[in-house]
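The lines below spell out each chain.
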Amino acid sequence: MKTINAIAIVLLAVIFCSSCARDKRDWKKAVGINTIQNFEQFRLKYPESAFSDSASIKIEELAFNEALLRNNINDYISFLEKYPESSFTEMAGKKIVEL
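Residues numbered from 1 in each chain as written. Predicted model: local features only at pLDDT ≥ 70, side-chain atom pairs only at ≥ 80, totals over all residues. Heavy atoms only, no water.

Caption draft 1: Examining the packing of helix α2 (residues 36–45) against helix α3 (residues 52–70) more closely. Orientation of α2 relative to α3, taken along the N-to-C sense of each, is 155°, at an axis distance of 9 Å. Between α2 and α3, the angle falls in the class roughly antiparallel. In the packing of α2 onto α3, the handedness of the crossing is left-handed. Packed against α2, whose contacting residues are Ile36, Phe39, Glu40, Phe42 and Arg43, the element α3 presents Ser52, Ala55, Ser56, Lys58, Ile59, Leu62, Ala63 and Glu66 at the interface. Looking at the contact of α2 with α3 residue by residue, the classes come out as 7 nonpolar, 2 polar and 4 charged. (Axes fitted to C-alpha atoms, helices over the stretch in contact; angles between N-to-C directions. Helix = DSSP H or I, 4+ residues; strand = E, 2+ residues; numbered from the N terminus. Parallel < 35°, antiparallel > 145°, perpendicular 65-115°, else oblique. Left-handed = near helix turned anticlockwise from the far one by under 90°. Contact = heavy atoms within 4.5 Å. Nonpolar A, V, L, I, M, F, W, Y, C, P; charged D, E, K, R; others polar.)

Right, dumping it as structure tokens:
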């Protein structure tokens, strides 16, 4: 019985480590591709990952950069509506006032 319990623990550890390796591999892939879509897919696939918060930050950063490139009020407003708690909120507001 102890052997079965030990085997079960080892199998769970292997499964857990395998999952960590996949999430790290997929994170590196998302960073390499560097698109909102890839970071969103990463978050959906690994909501409990240690990289999930970083994916959210990258999404906001890329979305704000897109608004900067277009540089129009509607895109800044859309950004603020979609990411009201973003660290880029203040800058988006300033851009609206400037335009």
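Resuming the write-up.
Caption draft 2: How the structure looks around the side chain of Asp26. Looking at where Asp26 falls in the secondary structure, it is placed in helix α1 (residues 2–33). Discounting chain neighbours no more than four positions away, the residues touching Asp26 are Phe42, Lys45 and Tyr46.

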